[in-house]
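Coordinate inspection notes
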Amino acid sequence: MSPTAAPRSPRSPDARTESRPGGRSARVRAAVHRAVQELVADEANDSLTIPIVAARAGVHATTVYRRWGTVADLLADVTSSRFSGDIVVPDTGSLRGDLERYAYDLAKDLCDPDTLALVRATIGTGGEQGAAACRGERQRQLEAILERDRARGENPPTLERTTDALLAPLYYRAVFTDDPLTPDWTRALVSHLLPD
């Protein structure tokens, strides 16, 4: 490190999310992530604490505190990691087809009880940070779909409008209601966004 570079705090976002491709750090991260997902799926969210996660993962609690700092930071990292690449961005040849497939796949993922438990815990514990972790990768996926449509010479809706039309109702219905996320309902979301 150069003499003018500021030292990085062990709890800075960069330090928490950096990981070497292998070795002990990767094994600890995988064990802690697995423990969080198991605990969120198995138990009440109020029992999710750093010492309980560490015990389930088989690591010392100070290791978890040093790397993540808080339960909210840990949940945000687990959620971001879980959502990275879990849904393949479809390429059907049309924006409508891509968005219908994407909405269907996302609805299916949100209907999985383990995914839904993780989303609820992350939003409930982390507030805006948790919400950002839940929507970040999803918005990147939507932007890739919209950008591909622009590359075809089309004029798709903005990311904000697409997020409001698709992600917002999907997450709202999944997290806050017992209403089903049916294929017909997800297709209707796309039809409202892209009227004929």
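The coordinates are above.
Description of the structure in this document. (Residues numbered from 1 in each chain as written. Predicted model: local features only at pLDDT ≥ 70, side-chain atom pairs only at ≥ 80, totals over all residues. Heavy atoms only, no water.)

**Quick word on the nonpolar core**
With 28 residues, the main nonpolar core has Leu 99, Leu 106, Leu 110, Leu 170 and Tyr 171 as its most contacted residues. Counting only elements with at least two residues in this core, the list comes to helix 6 (95–110), helix 7 (113–151), helix 8 (159–176) and helix 9 (183–193). Beyond its immediate stretch of four places on either side in the chain, Leu 110 contacts Thr 115, Leu 116, Val 119, Leu 170, Tyr 171, Ala 174 and Leu 181. (Core = buried A, V, L, I, M, F, W, Y, C linked by side-chain atoms within 4.5 Å. Buried < 20%, exposed > 50% of the residue type's maximum accessible area, 1.4 Å probe, protein only. Helix = DSSP H or I, 4+ residues; strand = E, 2+ residues; numbered from the N terminus. Contact = heavy atoms within 4.5 Å.)

**A few points about the side chain of Arg 173**
Mapped onto the elements of the fold, Arg 173 is located in helix 8. Ignoring any residue separated from it by four or fewer positions in sequence, one finds Arg 173 in contact with Asp 179, Pro 180, Leu 181 and Trp 185.

**Describing the packing of aromatic side chains**
Under the definition given, this model contains 1 aromatic pair. Aromatic side chains Tyr 172 and Phe 176 sit 5.5 Å apart centroid to centroid with 40° between the ring planes, which places their arrangement in the tilted category. You can see Tyr 172 and its partner Phe 176 sitting in helix 8, 4 residues apart, about one turn around the helix. Sitting over the face of the ring of Phe 83, Arg 138 holds its NZ or CZ atom 4.0 Å from the ring centroid. Taking the ring centre of Trp 185 as reference, the NZ or CZ of Arg 173 above it sits at 4.0 Å. (Phe/Tyr/Trp six-rings, centres within 6.5 Å; stacked < 30°, edge-to-face > 60°. Lys NZ or Arg CZ within 6 Å of the ring centre and 35° of its normal.)

**Things to note about the pattern of salt bridges**
Scanning all chains against the criterion turns up 16 salt bridges. Of the charged contacts in the structure, one is a salt bridge between Asp 77 and Arg 29, with a shortest N-O distance of 3.2 Å. Placement of Asp 77 in helix 5 (residues 71–83) and of Arg 29 in helix 2 (residues 23–42) is noted, with a sequence separation of 48 residues between them. For Asp 77, a relative accessible area of 9% corresponds to the buried category. Under the relative-accessibility criterion, Arg 29 is labelled buried at 19%. Measuring nitrogen to oxygen at the nearest pair gives 4.0 Å for the salt bridge that ties Arg 152 to Asp 91. Taken as a pair, Arg 152 in the loop between helix 7 and helix 8 and Asp 91 in the loop between helix 5 and helix 6 lie far apart in primary sequence, 61 residues in all. Residue classification places Arg 152 among the partly exposed residues on the basis of a relative accessible area of 33%. For Asp 91, a relative accessible area of 54% translates into the label exposed. Connected via shared salt-bridge partners are Asp 91, Asp 98, Arg 148, Asp 149 and Arg 152. (Salt bridge = Lys/Arg side-chain N within 4 Å of Asp/Glu carboxyl O.)

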